[in-house]
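Notes for the structure review
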There are 2 protein chains.
Amino acid sequence: MSFAPLLNDSFLRACRRQATDHTPVWLMRQAGRYLPEYVATRAKAGSFMGLATHVDYATEVTLQPLARYPLDAAILFSDILTVPDAMGLGLSFAAGEGPRFAHPVRDEAAVAALAVPDPEKLRYVFDAVTSIRTALNGRVPLIGFSGSPWTLACYMVEGAGSSDYRLIKTMLYSRPDLLHRILAINADAVAAYLNAQIAAGAQAVMVFDSWGGVLADGAFQAFSLAYTRRVLAQLRRTGDDGQDVPRIVFTKGGGLWLDAMAEQLDCEVLGLDWTVDLGAARARVGGSAGGPGKALQGNLDPNVLFAPPARVAEEARRVLDRFGAPHTDPATIGPTHIFNLGHGISQYTPPEHVAALVEAVHSHSRALRRG
Amino acid sequence: MSFAPLLNDSFLRACRRQATDHTPVWLMRQAGRYLPEYVATRAKAGSFMGLATHVDYATEVTLQPLARYPLDAAILFSDILTVPDAMGLGLSFAAGEGPRFAHPVRDEAAVAALAVPDPEKLRYVFDAVTSIRTALNGRVPLIGFSGSPWTLACYMVEGAGSSDYRLIKTMLYSRPDLLHRILAINADAVAAYLNAQIAAGAQAVMVFDSWGGVLADGAFQAFSLAYTRRVLAQLRRTGDDGQDVPRIVFTKGGGLWLDAMAEQLDCEVLGLDWTVDLGAARARVGGSAGGPGKALQGNLDPNVLFAPPARVAEEARRVLDRFGAPHTDPATIGPTHIFNLGHGISQYTPPEHVAALVEAVHSHSRALRRG
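Residues numbered from 1 in each chain as written. Chains lettered and ligands numbered in written order. Predicted model: local features only at pLDDT ≥ 70, side-chain atom pairs only at ≥ 80, totals over all residues. Heavy atoms only, no water.

**A few points about the overall build of chain A**
Helix and strand content of chain A: 15 helices and nine strands. Computed over C-alpha atoms, the radius of gyration of chain A comes to 20 Å, within 12% of the 21 Å expected from 2.2 N^0.38 for 371 residues, which places it in the range of a compact globule. Projecting the C-alpha coordinates of chain A onto the three principal axes gives extents of approximately 60 × 45 × 45 Å. Counting the 371 residues in chain A, one finds 61% classified as buried. Relative to all contacts within chain A whose residues are 6 or more apart in sequence, the contacts with residues 24 or more apart total 76%. When the accessible surface of chain A is split by element, carbon and sulfur atoms take 52% of a total near 13000 Å². (Helix = DSSP H or I, 4+ residues; strand = E, 2+ residues; numbered from the N terminus. Rg over C-alpha atoms; globule rule 2.2 N^0.38 Å. Buried < 20%, exposed > 50% of the residue type's maximum accessible area, 1.4 Å probe, protein only. Contact = heavy atoms within 4.5 Å. Areas by Shrake-Rupley, 256 points an atom, 1.4 Å probe, with all protein chains shown as cover.)

As structure tokens, this is what we get:
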């Protein structure tokens, strides 16, 4: 495959801790229900999985937010539960409810039957990646993604979303051997899944550890962090075009483990939720000019977007100011920031508030660099 | 009022950072649905509020866990939403659902109408405190409690539990003036409420900031921490018996703000959830022998109680070991630990597992002190 040359590399440069003239911005779940055009496409597709498994629809919705806003990256439209679905767990989305698995993994027999899925069952994802990259035509880079081994295991064991994680934690504390086996398989499956996305054209990959933050200290390191490491260790480092592929890891609620993540994860970027002081995070793990460190991504509370546009812009500037001026020396690497929310955008967000956000990030981050 | 002399002061001593011969233990929500005798009393009372507002029933259920387990403290059986209910918001508990307010506080007029409630409307709580303290007969101390100003405001604005806190955060970012007014009234109401509990016989008080952890860095300090400070500044320091009344503050999900809480909160004890490394927390805020610091309370994941009793005991020992040996010099103050869960006990907990937990805490903490 050959794709058009990249026109806006600000996101990839910031991932590599290279200087950029503005702070790149994209939003988790930027292709989503807050956009009327997304709702229209989903209605045509009939269902969420009908949308996610249809290459043309997935391409269409991925590009929708880029038509409205000058975002600096696109992210594959898909679901984090495609991998366990391909393992045969039977994913469904009932109307008005979250995801549900027909065959949750709760006993020794179910765990023994688990295996890394046949990649052909996920072909629709890889085809979507290639289609989106082609449709982007070099405008901005395309991010591929997966749920983390732990986060996938939460859904696989609970069978659905959970408020207390009782079933998986019962397994964790009662039969850690079973959970370790699930996580090892998940890690290998996630690595294969992300590598196939890279082969299909993804220019960066992100691991969403959405539920790492529910774990106890000690358990996080053993049951989440260790398996994210196992994923990262197996990832391809370059795409078919020979370009390096930055890796982002985001643990929601993981602020207390920021140092452990920075030390132990072989990735370029760490995502942060809104509970973290971005200035303190930069000081701890952002590195200095010429030295090692992690690029930081985040961390506006998505609820800020319910405030009037002027207040949205003010809060965006506050986040940029907390990080402080990124380094500007094109000759070296140094601390960089990728602006994002601290969690997926809410379906109730007024679309025009997003425009105010993106504009504020671009203009204020340019002003910050002028000092 | 005059009450029987206290026979087991290990909890109060640990709150004051005085040496004890074992680590005291109690459990958040220890009087609750996991106990069949609680379910029986609640059935007699007809409803949750029927239970909470009936002095004899409230006394009965408060003492139930103490009849089963050698716990080192009792906590008033009540609900955190009694104060906004007394403000006239109309609290109800529909079957199978959480609490709900008939009159949520969402606009300027509702905020303007808000006031510190008439203490007579909360008389049933103070009467329960006196009744429980009398019934305890000095066996262990009685802890009174309240929700924090921010946590009460979450329910008052949302009208019920929430998964995204969209309504209150919209107010926070759009009309911070309205939220500050709610929080100021809540703080004064909570202080009066806790002072009346102290006058009625509570020997320690705890502020539950159950939802502080959902706030962004910066917003936590301005909208939660500042108003918990305002509560603490108004609290009586001694009971009618002349004894000092230790103050505990617990922010679930507040681990990132531990230093700020230790510096700014005029309280004796900080509660910690399971995401916090208890050894690191002790090093940061636990103080040294003879020096200032906070006693620490926590922090076992309540889900551990679903594992077999031997594993429960093992995890309890792990928590005690993370804290390390408390100081043992009776002549001075120093780092102390009060064992607890990191959140309320689950209704699905097997009661016999709690017995294993309490036994393990008592025996292992005695062994730790022998070195």
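**Points about the interface of chain A and chain B**
Frequently, the measure chosen for interface size is the accessible area that the parts lose on association. Each partner contributes residues to the interface: chain A has 31 residues there, and chain B has 31 residues. Contact with chain B buries area across many residues of chain A, yet Tyr173(A), Asp217(A) and Leu256(A) alone supply 26% of it, more than any other trio. Linking chain A with chain B are two salt bridges, by the criterion used here. A salt bridge links Lys169(A) to Asp301(B); its shortest N-O distance comes to 2.7 Å. For the interface between chain A and chain B, the tally reads 12 residue pairs in polar contact (both at pLDDT 80 or more). With five residues, helix H9 (residues 166-174) of chain A is the largest single contributor of residues to the side of chain A that touches chain B. Per-class residue counts for the side of chain A that touches chain B are 14 nonpolar, eight polar and nine charged. (Buried area = accessible area lost by both parts, 1.4 Å probe. Salt bridge = Lys/Arg side-chain N within 4 Å of Asp/Glu carboxyl O. Polar contact = N/O pair within 3.5 Å; in protein donor to acceptor, adjacent residues only side chain to side chain. Nonpolar A, V, L, I, M, F, W, Y, C, P; charged D, E, K, R; others polar.)

**Some points on the relation of the copies chain A and chain B**
Each of the two chain copies can be generated from the other by rotation about an axis followed by a shift along it. Once turned by 180 degrees and shifted 0.0 Å along the axis, chain A lies on chain B with an RMSD of 0.0 Å. Here the transformation between the copies is reduced to the relation of a two-fold axis. For chain A, the minimum C-alpha distance to the rotation axis belongs to Leu256(A) and amounts to 3.1 Å. (Least-squares fit on C-alpha atoms with pLDDT ≥ 70 in both.)

**Concerning the sheet that holds strand S5 (residues 204-209) of chain A**
Residues and elements named next belong to chain A. If you walk across this open sheet you meet the seven strands as S1-S4-S5-S6-S7-S8-S9, and the pairing is parallel. The open sheet has two edge strands, strand S1 (74-75) and strand S9 (337-341), and neither has a second partner. Examined bridge by bridge, strand S8 (residues 295-300) and S9 share five bridges and lie parallel to one another. Looking at the pairing, Asn299 lines up with Asn340 of S9. (Pairing = 2+ DSSP bridges.)

**Observations regarding the pattern of salt bridges**
Residue and element names in this part refer to chain B. For the structure shown, the criterion picks out 38 salt bridges over all chains. Residue Asp241 is joined to Arg133 by a salt bridge in which the shortest nitrogen-to-oxygen separation is 3.2 Å. Here Arg133 lies in helix H7 (residues 123-136) and Asp241 lies in the loop between helix H11 (219-233) and strand S6 (247-251), a separation of 108 residues in the sequence. With a shortest N-O distance of 2.9 Å, Glu314 and Arg311 are connected by a salt bridge. With Glu314 and Arg311 both in helix H14 (residues 309-323), this residue pair falls three residues apart, about one helical turn. The exposure class of Arg311 is buried, given its relative accessible area of 18%.

**Remarks on the packing of aromatic side chains**
Scanning the entire structure with this criterion turns up 14 aromatic pairs over all chains. Taking 5.5 Å as the distance between ring centres and 80 degrees as the angle between the ring planes, the aromatic pair formed by Phe145(B) and Phe208(B) counts as edge-to-face. In this pair, Phe145(B) sits in strand S4 (residues 142-147) while Phe208(B) sits in strand S5 (residues 204-209), placing the two residues 63 residues apart along the sequence. This pair shows no difference in class: Phe145(B) is buried, exactly as Phe208(B) is. Note that Arg166(A) overlies the ring of Tyr348(B), its terminal NZ or CZ placed 3.8 Å from the centroid. The ring of Phe306(A) has Arg166(B) sitting right over it, with the charged end atom 5.8 Å from the ring centre. (Phe/Tyr/Trp six-rings, centres within 6.5 Å; stacked < 30°, edge-to-face > 60°. Lys NZ or Arg CZ within 6 Å of the ring centre and 35° of its normal.)

**A closer look at the sheet that holds strand S8 (residues 295-300) of chain B**
Residue and element names in this part refer to chain B. Pairing is parallel across the open sheet formed by seven strands, whose spatial order is S1-S4-S5-S6-S7-S8-S9. At either end of the open sheet lies a strand with only one pairing partner, and these are strand S1 (74-75) and strand S9 (337-341). Across three bridges, the pairing between strand S7 (residues 269-271) and S8 is parallel. For Val269, the partnering residue across the bridge sits in S8 and is Ala295.

**Some thoughts on the environment of Gln234(A)**
All names here are of chain A. Inspection of the secondary structure puts Gln234 in the loop between helix H11 (219-233) and strand S6 (247-251). Taking the relative accessible area as the measure of exposure, Gln234 reaches 35% and is therefore partly exposed. Taking the C-alpha atoms as reference points, Gln234 and Leu272, separated by 38 residues in sequence, lie 24 Å from one another. Excluding its chain neighbours within four sequence positions, the residues that come into contact with Gln234 are Ala187, Asp188, Ala191 and Asn195. Of the polar contacts made by the side chain of Gln234, one reaches the backbone oxygen of Arg230; its length is 3.2 Å.

**So, the packing of H9(A) against helix H10 (residues 176-200) of chain A**
Packed helices, taken two at a time, are described by their axes: the angle between them and the distance between them. All names here are of chain A. Contact pair H9 / H10: the axes reach a minimum separation of 5 Å and the direction vectors enclose 115 degrees. Here H10 runs roughly perpendicular to H9, going by the angle between their axes. On H10, the residues that touch Ile168, Met171, Leu172, Tyr173 and Ser174 of H9 are Pro176, Leu178, Leu179 and Ile182. When grouped by side-chain class, the residues that make up the contact of H9 with H10 number eight nonpolar, one polar and no charged. (Axes fitted to C-alpha atoms, helices over the stretch in contact; angles between N-to-C directions. Parallel < 35°, antiparallel > 145°, perpendicular 65-115°, else oblique.)

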